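Listed below, chain by chain, are the residues.
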Amino acid sequence: MHWAHSRYMSPTWSSLPHCPTRWFPRHSGHKSFLSPGVAGVLVGHPFDTVKVRLQVQSMEKPQYRGTLHCFQSIIRQESVLGLYKGLGSPLMGLTFINALVFGVQGNTLRALGRDSPLNQFLAGAAAGAIQCVICCPMELAKTRLQLQDAGPARTYRGSLDCLAQIYRQEGLRGVNRGMASTLLRETPSFGVYFLAYDVLTRALGCEPEDRLLVPKLLLAGGTSGILSWLSTYPVDVVKSRLQADGLRGAPRYRGILDCVRQSYRAEGWRVFTRGLASTLLRAFPVNAATFATVTVVLTYARGEEARPEGDALPAAPAAPAGPALAQPSSL
Ligand SMILES: NC(=[NH2+])NCCC[C@H](N)C(=O)O
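Now for a quick tour of the structure. (Residues numbered from 1 in each chain as written. Predicted model: local features only at pLDDT ≥ 70, side-chain atom pairs only at ≥ 80, totals over all residues. Heavy atoms only, no water.)

1. Here we look at empty space enclosed by the protein
In step 1: Overall, the coordinates contain 1 cavity of 30 Å³ or more when judged by the stated rule.
In step 2: Leu94, Trp229, Arg282, Val286 and Asn287 are, among the 30 residues lining the largest cavity, the residues nearest its centre.
In step 3: Looking at the lining of the largest cavity, the elements with two or more residues in it are helix 3 (37-56), helix 5 (88-112), helix 7 (132-147), helix 9 (179-203), helix 10 (213-231) and helix 13 (276-306).
In step 4: Taken together, the residues of the lining of the largest cavity sort by class into 13 nonpolar, 11 polar and 6 charged. (1 Å grid on protein atoms, 1.4 Å probe; cavity = no way out; pocket = protein on both sides within 12 Å on 5 of 7 lines; lining within 4 Å. Points joined across faces, edges and corners; volume = space filled by probe spheres on them. Helix = DSSP H or I, 4+ residues; strand = E, 2+ residues; numbered from the N terminus. Nonpolar A, V, L, I, M, F, W, Y, C, P; charged D, E, K, R; others polar.)

2. Here's the deal with the nonpolar core
In step 1: Counting 19 residues, the largest nonpolar core has Val101, Phe102, Phe194, Leu217 and Phe291 as its most contacted members.
In step 2: Of all elements in the fold, only helix 5, helix 7, helix 9, helix 10 and helix 13 reach the threshold of two or more residues within this core.
In step 3: If sequence neighbours within four positions are ignored, Val101 has contacts with Ala127, Gln131, Phe190 and Phe194.
In step 4: One finds Leu147, Cys162, Ile166 and Val175 within the second-largest nonpolar core, a separate group that totals 11 residues. (Core = buried A, V, L, I, M, F, W, Y, C linked by side-chain atoms within 4.5 Å. Buried < 20%, exposed > 50% of the residue type's maximum accessible area, 1.4 Å probe, protein only. Contact = heavy atoms within 4.5 Å.)

3. Some thoughts on the site of the ligand
In step 1: What surrounds the ligand is the set Arg185, Glu186, Ser189, Phe190, Tyr193, Ser228, Trp229, Arg282 and Asn287.
In step 2: One of the side-chain N or O atoms of Ser189 is found 3.4 Å from a nitrogen atom in the ligand.
In step 3: In this structure, an oxygen atom belonging to the ligand sits 3.0 Å away from a side-chain N or O atom of Asn287.
In step 4: Within the complex, the protein chains bury 91% of what would otherwise be the 340 Å² of accessible surface of the ligand.
In step 5: With respect to the pocket detection grid, the ligand is positioned in the largest cavity.
In step 6: Contributing elements (two or more residues each) for the shell around the ligand: helix 9, helix 10 and helix 13.
In step 7: Per element, the largest residue contribution to the shell around the ligand is 5 residues, and it comes from helix 9.
In step 8: Split by residue class, the shell around the ligand holds 3 nonpolar, 3 polar and 3 charged. (Near = heavy atom within 4 Å. Polar contact = N/O pair within 3.5 Å; in protein donor to acceptor, adjacent residues only side chain to side chain. Areas by Shrake-Rupley, 256 points an atom, 1.4 Å probe, with all protein chains shown as cover. Sits in = over half its atoms within 2 Å of the grid points.)

4. A look at the side chain of Arg144
In step 1: By the element assignment, Arg144 lies in helix 7.
In step 2: There is no salt bridge for the buried Arg144, and the closest opposite charge comes from Glu170, which lies 5.5 Å off by N-O distance.
In step 3: Excluding residues that lie within four positions of it along the chain, Arg144 makes contacts with Tyr156, Cys162, Ile166, Arg177, Gln243, Ala244, Asp245, Gly246 and Leu247. (Lys, Arg positive; Asp, Glu negative; His and termini not counted. Salt bridge = Lys/Arg side-chain N within 4 Å of Asp/Glu carboxyl O.)

5. So, the layout of surface pockets
In step 1: Taken as a whole, the largest pocket holds about 660 Å³ of empty space.
In step 2: If you trace the largest pocket, you find 24 residues lining it, with Val56, Gln57, Ser58, Leu147 and Arg248 closest to the centre.
In step 3: Going through the elements one at a time, helix 3 and helix 11 (233-244) are the ones with two or more residues in the lining of the largest pocket.
In step 4: A breakdown of the residues in the lining of the largest pocket according to their chemical character gives 8 nonpolar, 6 polar and 10 charged.
In step 5: A volume near 310 Å³ is recorded for the second largest pocket.
In step 6: Lining the second largest pocket are 15 residues, with Arg173, Asn176, Arg177, Gly178 and Leu242 sitting closest to its centre.

6. Brief notes about unusual backbone geometry
In step 1: A positive phi angle, close to 65°, is found at Ser79, a residue other than glycine.
In step 2: Mapped onto the elements, Ser79 comes out in the loop between helix 4 (67-78) and helix 5.
In step 3: Since its relative accessible area comes to 33%, Ser79 is described here as partly exposed.

7. A closer look at the side chain of Ser89
In step 1: Residue position: Ser89 is located in helix 5.
In step 2: What Ser89 contacts, discounting residues up to four positions off in sequence, is Met138, Ala141, Lys142 and Ser159.

8. Some points on the packing of aromatic side chains
In step 1: Counting across every chain of the model gives 9 aromatic pairs.
In step 2: For the ring pair Phe194 and Phe291, a centre distance of 5.6 Å and an interplane angle of 85° mean the geometry is edge-to-face. Residue Phe194 is located in helix 9, and its partner Phe291 is located in helix 13; the two are separated by 97 residues in the primary sequence. Neither Phe194 nor Phe291 differs from the other in exposure class; each is buried.
In step 3: Taken together, the ring pairs in this structure connect Phe102, Phe190, Tyr193, Phe194, Tyr197 and Phe291 into an aromatic cluster. (Phe/Tyr/Trp six-rings, centres within 6.5 Å; stacked < 30°, edge-to-face > 60°.)

9. Focus on the environment of Val50
In step 1: By secondary structure assignment, the location of Val50 is in helix 3.
In step 2: Using a relative accessible area of 0% as the deciding quantity, one classes Val50 as buried.
In step 3: For the pair Val50 and Ser159, spaced 109 residues apart in sequence, the C-alpha separation works out to 18 Å.
In step 4: Look past the residues within four positions of Val50 in its chain and what remains in contact with it is Thr67, Cys70, Phe71, Ile74, Leu83 and Ser278.

In short, geometric facts, not functional conclusions.
In structure tokens, the structure reads:
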């Protein structure tokens, strides 16, 4: 794979205005708010609720026997709406998060200059770390609402009420509970997320004129989502436990290491795989839709911007002398 031959200079690529990054150009931030976020959240949230319930339940007297039993129990005891508890939080946060993620990734890759596997990972990791500013409080509210009892006994009336109560009682530190574990989860996983997408779209030969482009983007996006969740899943279990801690009684954990130690002692290493099946069932469709939509929309947007009013696309400059460019999979 000729990383030295940037796909920025490929004929199909260079007919567009200078696009500093392979997928998400520097200005993609304000464009990538066009995320398919709402559809993805509506499809994925039930799986996320099941994941959180399985991650946090105590195995001393487990309420759920597994993924399917958890789905059935929630629907039976809380109706389908039980699967959508805490929905407001990701709905409010996701557009900002996706705009931040794709904007930071594109700008960082541009700043790093060379498109290489390491830089793809680093640009994704930077995006993953920065979006934690929104992701952590968003997931704190989501997790607590997904776990709280229903009815008048419920602690929080909604996501904003949850964050407001926590802020009043514990200040900014409370609203950012779980920030360290969120950073530990998101930074490497977003690096894997974008690197995997880059490698897979090249391997699949994704090109603008490819009639199988969208199925290939969906496959690459969904697979990248699964690989990214697998890469740091045990940290996600710890994060959920820390963000749920104290919801029903006195806090149990003194931090990440104490949570790992207590969880392992009580339930063995399998505790760090709780809810994994539901997570992977969610990860594929949500990320397939996210990556495919953002890539196609931005490619179209770039094509539109490149086309001067009424003129044909500028002719691609002759390929630079030297070895033939590797067939780029860039769009
Ligand atoms: N924790 C991660 N795996 N992050 C990367 C994927 C994030 C993506 N927005 C999702 O919700 O699936």
